[in-house]
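# An overview of the molecular structure
Spelled out from the first residue to the last, the chains are:
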Amino acid sequence: MKNSIGNHLTISLFGESHGEEIGVVIDGLAPGIHLDMDFIQGMMEKRKAKGRISTQRKEADELHIVSGFFQGYTTGTPLTILIHNTNTQSKDYEKTKNRLRPSHADYTADVKYLGYQDYRGGGHFSGRLTAPLVAAGAIAMQILNEKGIQIATHIQKCNRIEEARFSNDEDTLLKEIAMVNERAFPIINEEK
């Protein structure tokens, strides 16, 4: 019944979509890692819903680091990030609380939590819980970048629209990684 992943570095998610807060505890970070809060917030901005096909729920996703961080650096103790939920319409979920919605994790939640789960907005299984994961991932990206390790992903195919894979040429690949990571929509070829 754990909600944590990892061994050396442990990520523990907590909260529910319509609870007061969601967040993450990151345990195992070395002391003295400088965290670029602008970079982390930039990653959070990329996560926000955009356009008509995204959720219409708008959240500020303002991060509150409440432990493990002092004067710009990690302390070595567990780093805890809180994100307040400010846009909830919990009454909207009353009529579906006993229904297992297609393409949702309602059945999984019911089995795991024996019917005691917070069903509002998908509870702990909501896409809302990607916010603390993005914050944790942005911290991991900073650490890897300091070690010269670059990470990127792009949408290679969507329905019948397909673009090239990342290049095998190292110089071109590094340019593609930088380009994709700066874009709001992760693609190499903007025409696609």
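An account of the accompanying structure is given in this report. Just so it is clear, the model here is predicted, and its values are computed rather than measured.

## A short note on the overall build of the chain
- Scanning the chain from N- to C-terminus turns up four helices and nine strands.
- When the helices and strands of the chain are listed from N to C terminus, the series reads β-β-β-α-β-β-β-β-α-α-β-β-α.
- Buried residues in the chain amount to 29% of all 192 residues.
- Within the chain, contacts between residues separated by at least 24 positions form 60% of all contacts whose residues are at least 6 apart in sequence.

## Comments concerning the pattern of salt bridges
- Within the structure shown, the criterion is met by one salt bridge.
- Salt-bridge contacts for Arg183 lead to Glu190; the nearest nitrogen and oxygen are separated by 3.5 Å.
- Given the relative accessible area of 19%, Arg183 is considered buried.

## Side note on unusual backbone geometry
- The phi dihedral of Gln71 falls on the positive side, at around 50°, and the residue is not glycine.
- Positionally, Gln71 belongs in the loop between β5 (69–70) and β6 (73–74).
- Phi is positive for Asn159, which is not a glycine, with a value near 60°.
- Positionally, Asn159 belongs in the loop between β8 (157–158) and β9 (161–162).

## Focus on the sheet that holds strand β3 (residues 21–27)
- As summarised here, the arrangement of the five strands in space is β1-β2-β3-β7-β4, forming an open sheet in which the pairing is antiparallel. Each edge of the open sheet carries a strand with a single partner, namely β1 (4–5) and β4 (63–67).
- Across the face of the sheet, helix α3 (residues 130–146) comes into contact with β2 (10–15), β3, β4 and β7 (79–84) while running at roughly 30° to β3.

Conventions we followed
- Residues numbered from 1 in each chain as written.
- Predicted model: local features only at pLDDT ≥ 70, side-chain atom pairs only at ≥ 80, totals over all residues.
- Heavy atoms only, no water.
- Helix = DSSP H or I, 4+ residues; strand = E, 2+ residues; numbered from the N terminus.
- Buried < 20%, exposed > 50% of the residue type's maximum accessible area, 1.4 Å probe, protein only.
- Contact = heavy atoms within 4.5 Å.
- Salt bridge = Lys/Arg side-chain N within 4 Å of Asp/Glu carboxyl O.
- Pairing = 2+ DSSP bridges.
- Axes fitted to C-alpha atoms, helices over the stretch in contact; angles between N-to-C directions.

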